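Single-letter residue listing:
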Amino acid sequence: MLKDEFNNEPQLKNSLDEYEIEVPKQLTHFKKSRWQRFIHYLASPTKDPLEPICSSSIGYTSLKVIPIVTAIFITIIQLLIQ
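Given the structure is predicted, the values throughout are model-derived calculations rather than measurements.

Caption draft 1: The overall build of the protein, seen in detail. Looking only at helices and strands, one finds six helices and zero strands in the protein. Sequence-ordered secondary structure for the protein, helices as α and strands as β, is α-α-α-α-α-α. The 82 residues of the protein split such that 1% are buried.

Caption draft 2: A nonpolar patch on the surface, seen in detail. Among the surface-exposed residues, Trp 35, Phe 38, Ile 39, Tyr 41 and Leu 42 lie close enough to one another that they form a single nonpolar patch of about 600 Å² accessible area. Residue placement: Leu 42 occurs in helix H4 (residues 34–43). The class of Leu 42 is exposed, set by a relative accessible area of 53%.

Caption draft 3: Local environment of helix H6 (residues 57–81). Compared with an ideal rise of 1.5 Å per residue, which puts 25 residues at 36 Å, H6 spans 37 Å between its outermost C-alpha atoms and is within 8% of the ideal. At Leu 63, H6 shows its maximal kink, close to 25 degrees; a proline, Pro 67, follows between one and four residues later.

Caption draft 4: Quick peek at the packing of aromatic side chains. In the structure shown here, the tally under the stated rule is one aromatic pair. Seen from their ring centres, Trp 35 and Phe 38 are 6.0 Å apart, and the 40 degrees between their planes marks the pair as tilted. Of this pair, Trp 35 and Phe 38 both sit in helix H4, separated by three residues, roughly a single helical turn. Take Phe 38: its relative accessible area is 40%, and that puts it in the partly exposed class.

Parameters and conventions
Residues numbered from 1 in each chain as written. Predicted model: local features only at pLDDT ≥ 70, side-chain atom pairs only at ≥ 80, totals over all residues. Heavy atoms only, no water. Helix = DSSP H or I, 4+ residues; strand = E, 2+ residues; numbered from the N terminus. Buried < 20%, exposed > 50% of the residue type's maximum accessible area, 1.4 Å probe, protein only. Patch = residues over 30% accessible without salt bridge, like charges linked within 9 Å, V, L, I, M, F, W, Y side chains within 5 Å. Areas by Shrake-Rupley, 256 points an atom, 1.4 Å probe, with all protein chains shown as cover. Salt bridge = Lys/Arg side-chain N within 4 Å of Asp/Glu carboxyl O. Expected span 1.5 Å × (residues − 1). Bend = angle between axes of the 7 residues up to and from the residue. Phe/Tyr/Trp six-rings, centres within 6.5 Å; stacked < 30°, edge-to-face > 60°.

This is how it looks when you write it as structure tokens:
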């Protein structure tokens, strides 16, 4: 049906006939193995989970302060238990 529409209009048919596309035969029969798909999955880029935090100055400062506060808190708990 679609080919008939192209043949009805000569100007469109002429402009489409100007272009010639060659599809390589190697790629049509190529199928990736399970191992190649797994490696491709591992190598694909991922989204950074800390990007929203690091993009602001408050988030960047909190990334520095939270580990220090946590370490102090754990130290105080250990001193109170002994």
